[in-house]
Amino acid sequence: MCGIFGYIGQANDAAQKVFNGLLDIEYRGYDSWGVAYWKMDNVGWKIEKRVGFLPSSFKFPASNISIGHTRWATHGGVTVTNAHPHLSCDGKLALVHNGIVENYLELKKELKSHKLKSETDTEIIIHLIEDRFKNNSLKHAVAEIFNKMAGLSAIVVSDGREIVACKRGSPLVLGKTKSGFVIASDPNAILPLTNKLIFLEDGQLVVLNKELKLYEVKDLNEIQAEFTNIDWKYTQGTKGQFPHFMLKEIYEQPQVLYNQIQSLDSVEKIIKELKNAFGTYFLGCGSASYTCFLGEYAFSKIAKKHVNFSIGSEFNYTEDFLTDKSLLIAVSQSGETIDVVEPVNLAKKKGTKVVALTNTLGSTLYRMADIKHLLNAGPEKAVASTKAVIAMVANLLLYAYGFAGKLEEGIKVIENSAKEIEEIIKKQGEIKKLADKIYQAQHTFVLGRGLSYPVALEAALKIKETSYIHAEGFASGELKHGCIALIDKGTPVILFVPEDETRPAVLANAMEVKARGAYVVGVGVEKAPSFDYFFKVKDVGASSVLPHIVFAQLLGYFLAVKKRLNPDKPRNLAKSVTVK
Ligand code: F6R
């Protein structure tokens, strides 16, 4: 969450570089943004701050040192005053911050003579540093305060002559360009300027001026700094002819699936690990957690193997079973989700082998993992995950088929599901009609059994985040144990009814909700009398889950468009969730 970008060097377009960098990391938070820059004539900090999305361009005067930020609000509302950078009282220091200062109220008691302008936890830090900076170097002042800060944070501070930064938890990457140094939350944002990078590790502090020096933040002992030439390509997502990234990314999904089955080296490597492991755990958050949950069903059904699934943020409370023989498969599009990274850290301390199934090369999770499986879904710009989810599910199915010695069958079903997704995309007009019919609903319910239960959870999440309609996913047998009380005349209820063992029971549940006045939406192979609306999806075996998820993505997309919402940037969300 929150994007950081900074530059120091000989070039006189520092603020412009920072603004361009922020455009690449806006996915990390888009409540508000700000850029502080030090003017060439040395008159101190100038700041531009705004609420809302970054404009596509902004003209800055000449400068050669600048730090910028895109915010995802934690402490304090979305206002220009709360936007970063924050300045010290004397205006000499500027700071941007990603994370949460868990003990900020305690630290605030130290501030006697400062006038706080914002409601943020961040502003406390800059005033504390200001006090220390009176009799110390910036490096010492920053280190002293950072060591007092509880929680996971990255901070970047500048006095207009140098930049000092340190981190615990939140990512920071350094780059060396021909004219100076850059620092950012995401390596991809640096790649247009340089491919010479250093990934700052937790507990390290960097000082950037004419040179770069790296230290341990706890005692300021110097560490050898070595840049690595990274052979990665800059990925800039563009919408092309599509009105939104979300629609473009939905269209890309058949190709993403074909890519998954082209090279199976990682799949085969992970199948071997699965066979050697005593206890396998799948871990993810949000949509990725539903893919893991689906993985648990798929392993039971296809591989006849028990795997454990956990939501990332809950894993720390149940991971006592982990040993050095366990295998942890951590699934994350961004590879930065703190609720995944934290338990992975703990698992590594127990000697557990970690697989990262991620879309992001060089991400924290990617670097931590013993075995790295890249999704190769291409950059995903829409905040609601689509093609990364499809790639995750495909690979978890391939692991299950491979474990059962049926990899060829797995490849075939993925291929068939890619073809069926092409058909669904062609029939999207039918889904748009459904969206036009139900967009005014206050509540919807999404039901499925077996493999389709996690699909129902994912479908409900897509509808919620893009359209702000309250949508609940249920195991369809569970609805009658209480929640059926919520079904009223006309309440849309969506049921996934594939050609598998769940069909008769789900159809019975369809009748039950129909009897209470629901508007019944059936998605599957064959129309049933209880359906008010039917969307046909050809049976593609266990991988029918993939076209079913695509149906839900398109429904979420069209609901958002009908409600004149931006499906690419839903309110309150961010693409990379690096706070707890
Ligand atoms: C939903 C969505 C989120 C993410 C979740 C985990 O559309 O995008 O629920 O799935 O925040 O993110 P990653 O996969 O980056 O760990």
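### Regarding the nonpolar core
No. 1: If you look at the biggest cluster of nonpolar residues, it comprises 88 residues, and the most contacted ones within it are Phe551 and Leu555.
No. 2: Among the elements that take part in this core, helix 13 (residues 387-403) stands out by supplying 14 residues, more than any other.
No. 3: Excluding residues that lie within four positions of it along the chain, leucine 555 makes contacts with Ile431, Leu434, Ala435, Ile438, Ile463 and Ile494.
No. 4: Counting 28 residues, the second largest nonpolar core, distinct from the first, contains Leu93, Tyr104, Val142 and Ile145.

### Examining the side chain of serine 170
No. 1: Take serine 170: it is sitting in the loop between strand 8 (163-168) and strand 9 (173-176).
No. 2: Using a relative accessible area of 0% as the deciding quantity, one classes serine 170 as buried.
No. 3: Polar side-chain contacts of serine 170 include one of 3.3 Å to the backbone oxygen of asparagine 98.
No. 4: Every residue in contact with serine 170, bar those within four places of it in the chain, is listed here: Asn98, Gly99, Leu152, Ser153, Ala154 and Thr578.

### Quick look at the packing of aromatic side chains
No. 1: In total, this model carries 21 aromatic pairs according to the counting rule given.
No. 2: On the numbers, 5.3 Å between centres and 75 degrees between planes, the contact of phenylalanine 293 with tyrosine 453 is edge-to-face. Remark: tyrosine 453 occurs in helix 16 (residues 452-467) and phenylalanine 293 occurs in helix 9 (residues 286-303); sequence separation between them is 160 residues.
No. 3: For phenylalanine 293, a relative accessible area of 13% gives the class buried.
No. 4: On the basis of relative accessibility, which here comes to 21%, the residue tyrosine 453 falls in the partly exposed class.
No. 5: In this structure an aromatic cluster arises from ring pairing among Phe19, Trp33, Tyr37, Phe58 and Phe60.
No. 6: Across the ring face of tyrosine 366, the terminal group of lysine 372 is positioned such that the distance to the ring centre comes to 5.1 Å.
No. 7: A cation over an aromatic ring shows up here: lysine 569 above the ring of tyrosine 30, its NZ or CZ 5.9 Å from the ring centre.

### Looking at the pairing of strand 13 (residues 212-216)
No. 1: For strand 12 (residues 204-208) and strand 13, the ladder comprises five bridges, and the chain directions are antiparallel. Bridged to leucine 205 within strand 13 is tyrosine 215.
No. 2: As defined by bridge partners, strand 13 adjoins strand 14 (residues 222-223) across two bridges and the pair is classed as antiparallel. Each residue of the ladder has a partner; that of leucine 214, found in strand 14, is isoleucine 223.
No. 3: Hairpin connection, strand 13 to strand 14: the antiparallel pair is bridged by five residues, and leucine 220 has positive phi, about 60 degrees.

Reading guide: rules and limits
- Note that residues are indexed from 1 along each chain, following the sequence as it is written.
- Where totals are concerned, whole chains, interfaces and linings use all residues; where local detail is concerned, this predicted model gives features only for residues with pLDDT of at least 70, and gives and counts side-chain atom pairs only at 80 or more.
- In computing side-chain properties, one takes all heavy atoms of the structure into account and sets aside hydrogens as well as water.
- Put simply, a nonpolar core is a bunch of buried Ala, Val, Leu, Ile, Met, Phe, Trp, Tyr and Cys residues held in one set by side-chain atoms that sit within 4.5 Å of each other.
- Think of it in three bands: residues with accessible area under 20% of the maximum for their type are buried, residues over 50% are exposed, and the middle band is partly exposed, with areas taken using a 1.4 Å probe on protein chains only.
- Going along the chain from the N terminus, every DSSP run of H or I of four or more residues is numbered as a helix, and every run of E of two or more is numbered as a strand.
- Throughout, a residue-residue contact means that at least one pair of heavy atoms, one from each residue, lies within 4.5 Å.
- For this analysis, a polar contact is any N or O atom pair within 3.5 Å, provided that within protein one partner can donate a hydrogen and the other can accept it, and provided that sequence-adjacent residues contribute only side-chain to side-chain pairs.
- When the centres of two rings from Phe, Tyr and Trp lie within 6.5 Å, Trp using its six-membered ring, the rings pair. Their planes under 30 degrees apart give stacked, over 60 give edge-to-face, and anything left gives tilted.
- Comment: the charge-over-ring label is applied if NZ (Lys) or CZ (Arg) is within 6 Å of the ring centre and within 35 degrees of the ring normal.
- DSSP bridges decide pairing: two strands pair if at least two such bridges lie between them.

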